[in-house]
Amino acid sequence: MTRYTSATDQDRREMLAAIGLGSIEDLFADVPQSVRLERPLAIPDGMAEQDVYDHLAGLAARNRHCEEEVSFLGAGMYDHYVPALVDSIVQRSEFLTPYTPYQPEISQGGLQAMFEFQTAISELTGLPVANASLYEGPSSVASAGYLALLENRRTRFVASRGVHPHSRQALATYGRGYGTTLEETPLDERGATDVDALAAAVDDDTAAVFVQQPNFLGTVEDMGPLVEAARRTGALVVCAVDPMTLGVLQPPGAFGVDIAVGEGQPLGNRLDFGGPSFGFFAAQERFIRKMPGRIAGETVDADGRRGFVLTLQTREQHIRREKATHNICTSQALNALAGVIYLSWLGRRGVVELGELMLQRTDYARESLKVDPINTGPVVREFAVHVPDLDALFERARAAGVNPGYRLGRDYPEYGDGLLVAITERRTRADIDRLAELVARSREGVAA
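Residues numbered from 1 in each chain as written. Predicted model: local features only at pLDDT ≥ 70, side-chain atom pairs only at ≥ 80, totals over all residues. Heavy atoms only, no water.

(A) Region of interest: the sheet that holds strand 6 (residues 236-241). A sheet is described by the order of its strands in space; here 7 strands give the open sequence 2-8-7-6-5-3-4, paired in mixed fashion. Across the chains shown, the open sheet's two edge strands, defined by having one partner strand only, are strand 2 (129-130) and strand 4 (181-185). The pairing of strand 6 with strand 7 (residues 259-263) spans 3 bridges and is classified as parallel. The residue bridging Cys239 from the neighbouring strand is Ala260, located in strand 7. Sitting on the sheet, helix 7 (residues 137-152) is in contact with strand 3 (156-160), strand 5 (206-213), strand 6, strand 7 and strand 8 (279-283), with an inclination near 160° to strand 7. (Pairing = 2+ DSSP bridges. Helix = DSSP H or I, 4+ residues; strand = E, 2+ residues; numbered from the N terminus. Contact = heavy atoms within 4.5 Å. Axes fitted to C-alpha atoms, helices over the stretch in contact; angles between N-to-C directions.)

(B) Structural view of the pairing of strand 9 (residues 294-300). Pairing of strand 9 with strand 10 (residues 306-313), which is carried by 7 bridges, proceeds in the antiparallel orientation. Across the sheet, the residue bridging to Glu298 is Phe308, located in strand 10. Joining the antiparallel neighbours strand 9 and strand 10 is a turn of 5 residues, in which Gly304 adopts a positive phi near 80°.

(C) Here's a closer look at the pairing of strand 3. For strand 3, the buried fraction is high: 5 of the 5 residues fall into the buried class. Alternating positions in strand 3 separate into two faces, Arg156, Val158 and Ser160 on one and Phe157 and Ala159 on the other, with burial throughout. Bridge count for strand 3 against strand 4 is 5 bridges, and the pairing is parallel. Looking across to strand 4, one finds that Phe157 is bridged to Leu182. The β-α-β motif built from strand 3, the intervening helix 8 (residues 165-178) and the parallel element strand 4 has right-handed crossover chirality. Bridge count for strand 3 against strand 5 is 4 bridges, and the pairing is parallel. Across the sheet, Ala159 pairs through a bridge with Phe210, a residue of strand 5. (Buried < 20%, exposed > 50% of the residue type's maximum accessible area, 1.4 Å probe, protein only. Right-handed = clockwise from strand over helix to strand, strands pointing away.)

(D) Quick peek at the packing of aromatic side chains. Applying the stated criterion to the full structure yields 9 aromatic pairs. Summarising the aromatic geometry, the rings of Phe157 and Phe210 are spaced 5.5 Å apart at their centres and angled 90° between planes, so their arrangement reads as edge-to-face. Of the two residues, Phe157 sits in strand 3 while Phe210 sits in strand 5, which places them 53 residues apart along the sequence. Ring centres of Tyr174 and Tyr178 lie 6.1 Å apart, and the angle between their planes is 80°; this geometry places the pair in the edge-to-face category. Here Tyr174 and its partner Tyr178 are both found in helix 8, 4 residues apart, which amounts to about one turn of the helix. Take Tyr178: its relative accessible area is 27%, and that puts it in the partly exposed class. (Phe/Tyr/Trp six-rings, centres within 6.5 Å; stacked < 30°, edge-to-face > 60°.)

Geometric values such as these leave the question of function open.
Okay, structure coming up:
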C-alpha cells in the first residue's frame, strides 16, 4: 500500500531554499504564459472518509459486467470464456510477482514464457518474428507506424476507415510527434475498404498503409488487392488482425504484409472493464532490429542445456537514446502469458473449431435479426446492421438485461442508425433469439 503524507508550508520553504528559489512560481518560470491555466483548479471541498467510501461505492455500483447481462458488445474487446487453467498458472508467484527478467540466470521461466508467446504469435500470423508483446492493440498499430518511418523515412500514413477508430487516433497522435500526416480512406457500400480510393491515396511519400482484418464493421477484407494497392510505391503494409479469427481466415503473412499487429485481450484475458490487456506485434525478419519492445531468444548454456535470454531490447533504457526504437516500459508480460496459456489450452484444432463456431452463430444472428445489413459480405464474429430506433432498442434491452452491441454512430456519423453486434462462444442460440425479439419489438414500435 502506497502512503502519502502531504508537504507542509514549512517543508515547501525548506525545499525551495535548498534549490535556491524564492517561490513555487519560480519553478515554472520557463513554462509559457500561453499554456498556463491562470486560475485555481475546480476541485470540490474535501469529504469525510466514510462519505468518500459511500461516493465511490455508488459510482462502482453503476458498472455492469458480462456476468450480469447478455452482452453482444465487441468493437475490439470480447466476452470470451477464460478457462480456470489460465488463472491457476498466472497467479503462481513465479509469474505474478517478479519484475522484468533482466537476469536470465534467475528468470528462465519468464523468458521461456516470452519465447513461447512469440512462437505462438508467429504461427498465428504467418510471420517469421514476433516480439514479447506491447501495451494493447492501438499502441501496437502506432508502433508499427514508427517502424515504417525508420525504414523508409517518408512522412505520410494512409489508413482505411475500417481500422479501429482508437488505432487511427493513436496513430494520428503518435504521428504528430513524428511530423507525419494521416489520410483516411473510405469504406464502400459493402462495408469493406474501397480499394480504388486507397490506391489513389498512396503516393511516393507514403510510409505505410494500414488495414484491418476483419475490419471494424466485421467485414472480411479481400486482402490481396489491398496489399497490391499499397505496394505500388514501396509503402509498408500493416495489418491489424483479430487473433480469434485466424483459425478460419488466412493469416496476414500469407498475403505478404510487412507487419501484423493486434489486440490480445480475446486470448485468455477477461474484459476487466476495459483493461489491462496486451498487444502483439509480428513482422518480416528484415525488420527485427527496428521492432519495438523485447524479443526473447533460445540458446544453450555451457553444459549444452536449453536456455533463454533477452536477445533484443530496443527501448532507450537499454541502448543509446538516439538508437532506441521504442520507449514503452512494459510488455504486459502477465497478460501475454495468459494469452499463450489460452492458446496452448485451445491447441491448433481448438482455434479452428472456435472460429467455425463463431462463423455459424454469427450467420444465425445475421439471419435472425431481420434488419438491413451494413456489411453484406462475409463476416466471422461481428457484423453491422441498420436499426431504425437505437434509443428504443437500448432502453428495452437494458431493462431485459441485454447489451445489444456498439453504436456505430459514435465513430461513424454515416452510420447513425448502425449497430455493431459481436458473437462469441458464450452467446448461445437462445441469447441470439432474445436479441432478435428485442430488435423486432423496437421495429414494431417505430412502425406504430
